[in-house]
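Chain residues, written in single-letter form:
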Amino acid sequence: MARTRLTPEREGELYAAVLDLLREVGYDALTMDAIAARTRSSKATLYRQWGSKPELVVTALRHNKPVSLAEIDTGSLRGDLHAALSRTDDCQMEKNSALMRGLSHAVHDNPDLLQALRELLIEPEMTGLNTLLRRAVDRGELRPDHPALKYVSHMLIGAFTARQLVEDRPVDQAFLTDYVDSVILPALGVD
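Every residue gets a number counted from 1 within its own chain, in the order that chain's sequence is written. The model is predicted, so local features are restricted to residues of pLDDT at least 70 and side-chain atom pairs to those at 80 or more, both for listing and for counting; the totals for chains, interfaces and linings are taken over all residues. Hydrogens and water are ignored here; the side-chain numbers use all heavy atoms of the structure.

Trainee: Got a sec to walk through the packing of helix α4 (residues 53-64) against helix α7 (residues 111-138)? Specific residues and values, please.
Mentor: Helix axes are fitted to C-alpha atoms over the stretch in contact, other axes to C-alpha atoms as well, and angles between N-to-C directions run from 0 to 180 degrees. Secondary structure follows DSSP: runs of H or I at least 4 residues long count as helices, runs of E at least 2 residues long count as strands, and numbering of each begins at the N terminus. Across the interface, α4 lies against α7 with an axial gap of 8 Å and an inter-helix angle of 25°. Comparing the axis directions of α4 and α7 gives the class roughly parallel. For the pair α4 and α7, the crossing hand works out as right-handed. Here Pro54, Glu55, Val58, Thr59, Leu61 and Arg62 of α4 lie close against α7, whose contacting residues are Asp112, Leu113, Ala116, Leu117, Leu120, Leu121, Pro124 and Glu125. By the definition adopted for this analysis, an angle is roughly parallel if under 35 degrees, roughly antiparallel if over 145, roughly perpendicular if from 65 to 115, and oblique otherwise. Helix crossings get a hand from a simple test, with the near helix turned counterclockwise from the far one by less than a right angle marking a left-handed crossing and a clockwise turn marking a right-handed one. By definition in these notes, contact holds between two residues if any of their heavy atoms fall within 4.5 Å.

Trainee: So, the nonpolar core: which residues are in play, and what are the values?
Mentor: Buried Ala, Val, Leu, Ile, Met, Phe, Trp, Tyr and Cys residues form a nonpolar core when they are joined through side-chain atoms within 4.5 Å. Exposure classes here rest on a 1.4 Å probe applied to the protein chains alone. A residue is buried below 20% of its type maximum, exposed above 50%, and partly exposed in between. Counting 27 residues, the largest nonpolar core has Leu77, Leu81, Leu133, Leu142, Val152, Ile184 and Leu188 as the members making the most contacts within it. Those elements that provide at least two residues to this core are α5 (77-86), α7, α8 (152-167) and α9 (173-187). No other element matches the six residues that α9 contributes to this core. Those residues in contact with Leu188, other than ones at most four positions away along the chain, are Leu77, Leu133, Leu142, His146, Ala148, Leu149 and Val152. In terms of nonpolar packing, the next biggest core, distinct from the first, is built from 26 residues, Trp50, Val58, Leu61 and Leu103 among them.

Trainee: If you had to explain the pattern of salt bridges to someone new, which residues and values would you point to?
Mentor: When a carboxyl oxygen of Asp or Glu lies within 4 Å of a side-chain nitrogen of Lys or Arg, that pair is called a salt bridge. The final tally for this structure, using the stated rule, is 14 salt bridges. Close ionic contact of Glu125 with Arg62 constitutes a salt bridge, the shortest N to O distance being 2.7 Å. Taken together, the residues Glu125 in helix α7 and Arg62 in helix α4 connect sequence positions 63 residues apart. Judged by relative accessible area, Arg62 falls into the partly exposed class, the value being 24%. As a salt-bridge pair, Asp145 and Arg143 come within 3.0 Å of each other at their nearest N and O atoms. Residue classification places Asp145 among the exposed positions, given a relative accessible area of 56%. You can call Arg143 partly exposed: its relative accessible area is 45%. Taken together, the salt bridges that share partners define one network made up of Asp73, Asp80, Arg135, Arg139 and Glu141.

Trainee: Can you break down the packing of aromatic side chains residue by residue, with the values?
Mentor: Between 30 and 60 degrees the pair is tilted, below 30 it is stacked and above 60 it is edge-to-face, where a pair is any two Phe, Tyr or Trp rings, Trp via its six-membered ring, whose centres lie within 6.5 Å. For the structure on display, the rule yields two aromatic pairs. Considering the side-chain rings of Tyr15 and Trp50, the 5.7 Å spacing of their centres and the 70° angle between planes classify their relative orientation as edge-to-face. Here Trp50 lies in helix α3 (residues 43-50) and Tyr15 lies in helix α1 (residues 8-25), a separation of 35 residues in the sequence. The pair Tyr15 / Trp50 is uniform in exposure class, with both members buried.

Trainee: So what about the environment of Asp80? Which residues, and what values?
Mentor: Looking at the element boundaries, Asp80 is found in helix α5. A C-alpha to C-alpha distance of 7.2 Å links Asp80 and Leu132, two positions 52 residues apart in sequence. Apart from residues no more than four positions distant in its own chain, Asp80 is found in contact with Ile72, Asp73, Thr74, Gly75, Leu132, Arg135 and Arg139.

Take a look at the structure:
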C-alpha cells in the first residue's frame, strides 16, 4: 500500500506528539486512538503510514535523534565521541533517558516493540558506532583486534543505565564526556 506523503513539518509535529504522549502515559497505555486524537489524524492514516504502534513509536524516537553517528568525523575517536555527545543538551538527554528506561520495561511484554527497537533504532546506531570505530582503526588509533572493541556499545549503554541506578542522578553531558575519557577510551588503549 502506498504511503501518503506528509510534509516534514507535519511529520515532526506528529513524532513530537507521540513522544509527549509516551512520556505522559507510558508505552502500554499508549493507544493509536490517543495518538490519532492528539495529532488530529485518523487511526487509518497512522496504520497506513507506520503499520503498527511499535513502528510509529520507534520511528518517532529515531526522528528525535539529531544526527547519525556515521555522519560524525572529526578526525579522532575522542573528537567523534565528544561531538556525538554534544549534539544533545542535558534536558533532552534526560527526557530521552527517561523514555528509554520506560521502553526497556515495556519490551519484556511486547516482542514486537523489541523487534522494532532493534531494527529501527539499535541496529542503525550500532552501525554508526561501528563506522566511528572502523575509522579509528583505519587511522591507526585502535588495534583492529583489540578485545574491548566488541564491548563499546555495552559500555555506552551501561553508562546511560547505571548512573540513574547507582547515583539516582540523570545522565548529562559532563558525566558522559568524563565516562568516555575515563572508561571507554582507556579501555580501548587510546591516550
